[in-house]
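Notes for the structure review
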Amino acid sequence: MPLDSKMNRVFKVVGTRPPRPDGVDKVTGRAMYGADATAPGMLVGRILRSPHAHAKILSIDTSAAEALKGVKAVVTSADFGVPDNLSIRDVQDNCMARGKALYHGHAVAAVAASSAAIASQALKLIKVTYEVLPHVTDVDEAMRIGAPVVQSGRVLENVAAGLSENVTSQCEFGHGDLEAGFAKADKIIERSFTTAATHQGYIEPHACLASMSSDGRGDLWCCTQGQFFVRSLCAEIMGMDASQLRVTASEIGGGFGGKTTVFIEPVALALSRKSGRPVKIVMTRDEVFKATGPTVSSSTDVKIGMTKDGRITAAEATLRYQGGAFPCETVSMGAQSAFACYDLDAVKTLGWNVLTNRPKEAAYRAPGAPMAIYAVESVVDELCQELGLDPLDVRLKNAASKGTKSSYGPTFDDIGLRATLEAAKAHPHYTAPLGPNQGRGLSCGFWFNFGGNTCVSLNINTDGTVGITEGNPDIGGSRAAISQMAAEELGIPYEKIRTIIADTNSLGYNDVTDGSRVTFAVGLATIEAARNAIKVMCGRVAKIWGIDENAVIWEDGCAKPAGGNAGSFDPMSIEEIAAISANTGGPIAGHHEVNADGAGVSFGVHIADVEVDPETGATKILRYTVFQDAGKAVHPDYVEGQMQGGAVQGIGWALNEEYIYGKDGLLQNAGFLDYRVPVASDLPDIDTVILEIPNPGHPYGVRGVGETPIVPPLATLSNAVARAIGVRIFNLPMSPPKLLKAIGQKG
Amino acid sequence: MVKVTIWGSLRSATDGQADVEIDASNFRELLDRLVIKYPGLKPQIQRGVSLALDGKIYREAWFAKIEPDSEVVLMPYMAGG
């Protein structure tokens, strides 16, 4: 749906900040999360996990566990089939190891018992005989010929010869003549960077309740970002028709991409099918770290050439991403994003995905982009330092804008990067004075944003209020934003609308809540559904008035004659029309089903001031400002929340968060005490500046906002720290010991 | 005929060409005819691709209309978080 031509419209509801519809439930404990589901006769499920990083499973003896009183079922990979579809097989094999344990914490068996104590006792009675294999957890080591092979036979046809079998896919993007471009440069800098795997760190662990009946039908309640995708995966793994498995999404205590797949749901379903009882599984935090999907870790080389006056002449990056023990395609998004902020004549990115003995990566806000753009923005900053140039002026000089051929191929339409940079330059933060041991950094960020399959049903109740049913779990305020867009379109108060998230039997397929898609795509479908309902209401009123349907218009929640020629009639309100719907043709509803396109790419700019303590190496963030183009901010509170939340997660990634593996391949910090996420006392108030450059692909101009803000913080903080201590760090996180060592080496 | 830009790692399947010409008026025709003309593209197209049409990214929309002067760029299938 294109941008409405009446874009000079004055919004009445969109752009306001009404109370969130889920607020009271969440602060009073009434909201139902994944672990809150219960059922009569419910069993407790527990999972046995590999103590080894890489091991052949020679045998599993479950007889003693099965004999334990209170144990109702034990499952291993033998209780599942072997799906033909490789990606489904990977999902299943990640949920339950088949033949080999591929990482520390990989599930090898599961039990369902009448109590948690019995289930835990039963796990101890399962005898697994392993043959321990050599392992590899580092991406660069895994690429070397001779490295332990995690899985054989997974190399795609696009991978160049001469690499380790762990390199499963390769990609390359770009255009122009690099050699000629670098020849024009006055200064060329080439650097290598690494980033650690980080976890999404959602507060709510994965939890589900599965109930399979003896006639083959099933119900599943779980915390997920996409109940329809969960149904697709689980139905295929369980050999069920989709119609026979109903999946209901709970409230969600954070997802950030990490709840876009399944880890425990097929196991709970298999246990329920075998025991004939409902089975609930709730992961511990230890399990969440060990066996769900962190983001990839990366190793990246960047080379950029620049003229004395700050024009980038050529840019090149090589990216190596490890996504754990199963193939992934994340590096292609990193390789496409790396230079997306720039208007370049010569650019090339080359990327490889690599297998290691780590958990299967899952999406994490703008998957693949933060680590690529961190490396690029660090080199741009170093070039600015070397050439004595203002880093914002250099970005403005090279910024992509409408008509730029992007580094990944397509030509940009209306985009907001230049406006965002100009807003940053004009902001008082950029020129505020700094003290000793302090530095200021900045970085641009980019994300694609998506639309996707979306289905909305909007029902006019007989009292004129409205119920909206949509199919995407609300992880960032979408229920409020969708109600606002419906209220705007229908011309009724926000409070008259209630939006709910449907189970998989209530709507057609909806894509996962990912790709910053929901406010854009579900909003677009809601607007169209409202317009369809308005059409029905105008038709009903036309019949009552005895005039042509086209002679009735909708304004401010009422049907009115289109003009003097249509006749003289008093407006009919939505309440009046709804009250007599039984007399005029029956219930009134609007629907819309779409595979939405035109999501519109998103850009942001972050500025941070830091102070590094030379005695401890600790970094304190003094001030942080986020500038981002939202297209149209439907509910500015939520938009600001996304900008702040993304920045905070990126700050954690830059300063402290990392998966730490020992030489034995075992994860050493599977808990929040040792895996350090930022807490409120670590952070300043994060200031936000929303830009609104309308997206031509949405009737109100909306762009997704959820992912872009995690992209810039890595380089923003790295650049700030480099300027504060006079030494650049090339490996994230910049934890205090690392900074202290760098300060010490500088002398 | 429309000019289709192929990303770098697929160019081994198009005799090294970055841009290829295909007679297609929508996304589905484009994919079908790319596979016929360049069979080496089949594995990637079967795994999934996106299409940028005049700067707009489409993931599965078979009937997205392609005009002869459209800018058409084949991209990997996109996913988000």
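How each quantity is defined
Residues numbered from 1 in each chain as written. Chains lettered and ligands numbered in written order. Predicted model: local features only at pLDDT ≥ 70, side-chain atom pairs only at ≥ 80, totals over all residues. Helix = DSSP H or I, 4+ residues; strand = E, 2+ residues; numbered from the N terminus. Buried ≥ 20, exposed ≤ 12 C-beta atoms within 10 Å, placed from the backbone. Contact = placed C-beta atoms within 7 Å. Rg over C-alpha atoms; globule rule 2.2 N^0.38 Å. Pairing = 2+ DSSP bridges. Axes fitted to C-alpha atoms, helices over the stretch in contact; angles between N-to-C directions. Nonpolar A, V, L, I, M, F, W, Y, C, P; charged D, E, K, R; others polar. Expected span 1.5 Å × (residues − 1). Parallel < 35°, antiparallel > 145°, perpendicular 65-115°, else oblique. Left-handed = near helix turned anticlockwise from the far one by under 90°. Domains from an automatic or database assignment. pLDDT = per-residue confidence, 0-100. Right-handed = clockwise from strand over helix to strand, strands pointing away.

A tally of regular secondary structure across chain B gives 2 helices and 5 strands. Taking the principal axes of the C-alpha coordinates as reference, chain B spans close to 35 × 30 × 20 Å. Sorting the 81 residues of chain B into buried and exposed places 42% on the buried side. When contacts within chain B are restricted to residue pairs at least 6 apart in sequence, long-range pairs at least 24 apart make up 48% of them.

The next point concerns the overall build of chain A. Along the backbone of chain A there are 20 helices and 26 strands. Expected size for 747 residues packed as a compact globule is a radius of gyration near 27 Å; at 27 Å, chain A falls within 12% of this value. With respect to the three principal axes, the spread of C-alpha positions in chain A is 85 × 75 × 50 Å. With 747 residues in all, chain A has 58% of them scored as buried.

Looking now at helix α8 (residues 265-275) of chain A. Residue and element names in this part refer to chain A. With 10 of 11 residues buried, α8 lies mostly within the body of the structure. Restricting attention to buried positions, one finds in α8 the residues E265, P266, V267, A268, L269, A270, L271, S272, R273 and S275. Two residues or fewer past α8, G276 is found with a positive phi of approximately 75°.

Let us look at unusual backbone geometry. Residue and element names in this part refer to chain A. Here the amide bond leading from L732 into P733 is cis, since omega sits at 5°, within 30 degrees of zero. Following the sequence through the fold, P733 ends up in the loop between α19 (713-725) and α20 (736-746). Notably, S516 is not glycine yet its phi reads approximately 55°, a positive angle. Its location among the elements puts S516 in the loop between β19 (497-501) and α15 (518-545).

Consider a sheet: its strands pair through backbone hydrogen bonds, and that pairing is either parallel or antiparallel. Residues and elements named next belong to chain A. Taken in spatial order, the 5 strands of this open sheet run β7-β15-β14-β13-β8, and their pairing is mixed. Lying at the two open borders of the sheet, with one neighbouring strand each, are β7 (167-175) and β8 (187-195). Averaged over all pairs of adjacent strands, the angle between their axes in this sheet comes to 10°, without regard to strand direction. Inspection of the sheet shows strand β14 (residues 312-322) paired to strand β15 (residues 347-354) by 8 bridges, in the parallel sense. Across the sheet, R320 pairs through a bridge with W352, a residue of β15. With respect to the sheet, helix α11 (residues 369-387) is in contact with β8, β13 (297-306) and β14, its orientation differing from that of β8 by roughly 145°.

Residue and element names in this part refer to chain A. Inspection of the secondary structure assignment puts A325 in the loop between β14 and α10 (330-337). Taking the C-alpha atoms as reference points, A325 and R358, separated by 33 residues in sequence, lie 5.7 Å from one another. Apart from the residues lying within four places of it in its own chain, the contact partners of A325 are L102, Y103, V150, Q151, L355, T356, N357, R358 and K360.

What follows covers the interface of chain A and chain B. Contact residues are listed per partner, giving 37 residues for chain A and 22 residues for chain B. Listed by contribution, the elements that provide at least two residues to the side of chain A that touches chain B are β7 and α10 of chain A. Sort the elements by how many residues they give to the side of chain A that touches chain B and β7 of chain A lands first, with 5 residues. Its residues placed into classes, the side of chain A that touches chain B shows 14 nonpolar, 14 polar and 9 charged.

Another point: the environment of K259 of chain A. Residues and elements named next belong to chain A. Within the element layout of this structure, K259 appears in the loop between β11 (245-249) and α8. Here the alpha-carbon distance between K259 and G293, two residues 34 residues apart in the chain, equals 8.7 Å. Beyond its immediate chain neighbours, meaning those up to four positions away, K259 contacts C223, T224, Q225 and I252.

Counted at 1.5 Å a residue, the expected span for helix α18 (residues 636-655) of chain A with its 20 residues is 28 Å, and the 28 Å between its end C-alpha atoms agrees. Burial within α18 of chain A is extensive, with 15 of its 20 residues counted as buried.

Each pair of packed helices can be described by the angle between their axes along with the distance between the axes. Residue and element names in this part refer to chain A. Between helix α14 (residues 478-490) and α15, whose axes approach to 9 Å, the crossing angle comes to 30°. Between α14 and α15, the interaxial angle falls into the category roughly parallel. Helix-helix and strand crossings are classified by hand; for α14 and α15 the assignment is right-handed. Contacts between α14 and α15 involve S478, A481, I482, M485, A486, E489 and L490 on the former and, on the latter, V518, T519, V522, G523, T526, I527, A530, R531 and I534.

Okay, the domain arrangement of chain A next. Residues and elements named next belong to chain A. Assigned domains of chain A: these are domain 1 (42-133 + 204-253 + 259-291), domain 2 (297-449 + 600-746) and domain 3 (451-596). Contacts between the two partners involve 13 residues from domain 1, matched on the other side by 13 residues from domain 3. Of all the secondary-structure elements, those providing two or more residues to the side of domain 1 that touches domain 3 are α7 (227-238) and β11. Partitioning the side of domain 1 that touches domain 3 into residue classes produces 5 nonpolar, 6 polar and 2 charged.

As a further point, take the sheet that holds strand β4 (residues 100-101) of chain A. Residue and element names in this part refer to chain A. Within the open sheet, the 3 strands sit side by side as β4-β2-β6. Their pairing is antiparallel. For this open sheet the edge positions go to β4 and β6 (127-132), each flanked by a neighbour on one side alone. Here strand β2 (residues 55-61) pairs with β4 via 2 bridges, running antiparallel. Bridged to A55 within β4 is A101.

A word on the confidence of the model for chain B. Taken as a whole, chain B shows an average pLDDT of 92; of its residues, 100% reach a score of 70 or greater. The ipTM, which scores confidence in the relative placement of chains, is 0.95 for this predicted complex, and the corresponding pTM is 0.97.

Next up on the list: the pairing of β11 of chain A. All names here are of chain A. Most of β11 is tucked away: 4 of the 5 residues are buried. Here strand β10 (residues 218-222) pairs with β11 via 5 bridges, running parallel. Paired with C222 across the strands is A249, a residue of β11. For the crossover that starts at β10, traverses α7 and ends in the parallel β11, the hand is right-handed.

Looking now at the packing of α10 of chain A against α11 of chain A. All names here are of chain A. Interaxial distance between α10 and α11 falls to 8 Å at its minimum, and their mutual angle equals 35°. Our pair here, α10 against α11, has a crossing hand that is right-handed. Contacts from M333, G334, A335 and S337 in α10 reach A369, M371, A372 and I373 in α11. Its residues placed into classes, the contact of α10 with α11 shows 6 nonpolar, 2 polar and no charged.

For the rest of this paragraph, the subject is the pairing of strand β3 (residues 49-53) of chain B. All names here are of chain B. Burial runs high along β3: 5 of the 5 residues are buried. Of the two faces of β3, the one lined by V49, L51 and L53 and the one lined by S50 and A52 are each fully buried. Where β3 and strand β5 (residues 72-76) come together, 5 bridges link them in antiparallel fashion. Within β5, the residue paired with A52 across the bridge is V73. With 3 bridges joining them, β3 and strand β4 (residues 56-58) adopt antiparallel strand pairing. Counterpart to L51 in the pairing with β4 is Y58. Where β3 folds back onto β4 in an antiparallel hairpin, the turn is made up of 2 residues, including D54, whose phi is positive at roughly 50°.

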